[in-house]
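Structural overview
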Amino acid sequence: MPNDGIAKAKVLVESLPYLREFSGKTLVIKYGGHAMVDEELKRNFALDVILMQYIGIRPVVVHGGGPQINRFLGKMQIEPNYIQGMRVTDGETMDVVEMVLVGKVNKEIVSLINHCGGKAVGLSGRDGDLVQAKKMDMHAPATENRPPELIDLGRVGEVTRVNPELLRTLQEKDFIPVIAPVGVGGDGQAFNINADLVAGAIAAELKALKLILLTDVAGVRNSQGELISTIYREQIDPLIAEGVIQGGMIPKVNCCKAALNGGVSKAHIIDGRQEHAILLEIFTHTGIGTELVA
Ligand SMILES: Nc1ncnc2c1ncn2[C@@H]1O[C@H](COP(=O)(O)OP(=O)(O)O)[C@@H](O)[C@H]1O
Ligand SMILES: CC(=O)N[C@@H](CCC(=O)OP(=O)(O)O)C(=O)O
């Protein structure tokens, strides 16, 4: 038997305990806009998700699309503005966000999964009241002479409730839900929600076994720039307070914390630009990236 064949057989055997552990369980995967680099990588992502489903895992995909929104805003000569990883979203920006996330990115991912042989259904948080939201209150940190100041982020929302009914129905029929991070407010209006936060809230509501965040860095780095392979829940706040975790990494670790608090066993932050990143993370002993545990 050629060595190549034996190596493949070994990989399959290595995955056996994980196949047993994951069978029938929900895994929530957040597919960040920075990980949607080229067609080959996107196709590999779709194949990974389909493979998961074929072997009995129940994947739920929540996607981002920050860079894709920025490209569109650029065409309209609108400069993006972020505060602590959140896009300041006025009415006009909200229209662009919804158009790009729901109308373009969501449908592209759904079509790709279906084209590759899966069964995906695209949803926004407004469908079936899936992701209910309210305006996000963000405070600038207090200084010696100034109390914490309220920052107005416009139509940026935070999740108040996830309605799992629609997701459960789809999962029972073996559909892969693909969710755009637009939520619905009490007044029926759209809210722009950071996709990491949506993924964390959905993972907690579905009591997912794992939350996997695909991004464009190897994982969380310490103050020396080295990859941290495991972060315990209580280390998250100090790492943010010390300024080690900044910008777009803040909503990521916070959503992992919310997911762990909600009963998710483990969260992973991994480099989605690496081919078959999800499979490497969940089916090999060593894994890649940073794992966050309770
Ligand atoms: N401690 C840290 N470790 C790794 N990345 C960090 C850290 N602090 C801040 N970051 C930044 O967070 C970014 C990831 O967030 P973001 O760009 O919002 O990703 P995505 O589009 O995948 O949601 C990284 O590219 C990096 O610049
Ligand atoms: C409030 C807020 O910042 N919303 C994000 C939603 C998309 C997102 O989160 O995309 P990534 O995961 O690719 O960064 C935004 O407007 O960019």
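Going along each chain's sequence as written, the residues are numbered from 1 onward. To read the labels, note that chains go from A and ligands from 1, taken in the order they are written. Under the rules for a predicted model, residues below a pLDDT of 70 receive no local features and side-chain atom pairs below 80 are neither given nor counted, while totals for whole chains, interfaces and linings still include all residues. Values reported for side chains reflect all heavy atoms of the structure, with hydrogen atoms and water molecules removed beforehand.

Looking at an unreviewed UniProt entry, the protein carries the name Acetylglutamate kinase, with the source organism given as Desulfobulbus oralis. UniProt, in its Function (unreviewed entry) section for the protein, records the words "Catalyzes the ATP-dependent phosphorylation of N-acetyl-L-glutamate." UniProt positions are given in the numbering used here, feature names are shortened, and annotations may be inferred rather than shown by experiment.

Moving on, we get to the pattern of salt bridges. Side chains that differ in charge, positive against negative, can pair when their charged atoms come close. Each salt bridge in this description consists of a side-chain nitrogen of Lys or Arg and a carboxyl oxygen of Asp or Glu lying within 4 Å of one another. Evaluated as defined, the whole model comprises eleven salt bridges. Measuring nitrogen to oxygen at the nearest pair gives 2.8 Å for the salt bridge that ties Lys 30 to Asp 196. Here Asp 196 lies in helix α6 (residues 195–205) and Lys 30 lies in strand β1 (residues 26–31), a separation of 166 residues in the sequence. Accessibility assignment for this pair places Lys 30 and Asp 196 in one class, buried. Residues Glu 98 and Arg 126 are paired through a salt bridge, measuring 2.7 Å at the closest nitrogen-oxygen approach. Taken together, the residues Glu 98 in helix α4 (residues 91–115) and Arg 126 in the loop between β5 (120–124) and β6 (131–135) connect sequence positions 28 residues apart. Each of Lys 30, Asp 196 and Lys 252 takes part in one network of salt bridges that share partners. A run of H or I in DSSP becomes a helix once it reaches four residues, and a run of E becomes a strand once it reaches two; helices and strands are each numbered from the N terminus. Three exposure classes are used, based on accessible area relative to the maximum for each residue type with a 1.4 Å probe and protein chains only: buried under 20%, partly exposed in between, and exposed over 50%.

A few words on the nonpolar core. We call a set of buried residues a nonpolar core when its members are Ala, Val, Leu, Ile, Met, Phe, Trp, Tyr or Cys and they connect through side-chain atoms within 4.5 Å of each other. Val 28, Ile 202, Leu 211 and Leu 292 are the most contacted members of the largest nonpolar core, which has 47 residues in total. Among the nonpolar cores identified, the runner-up in size contains 43 residues, and Tyr 31, Met 36, Met 94 and Val 97 belong to it.

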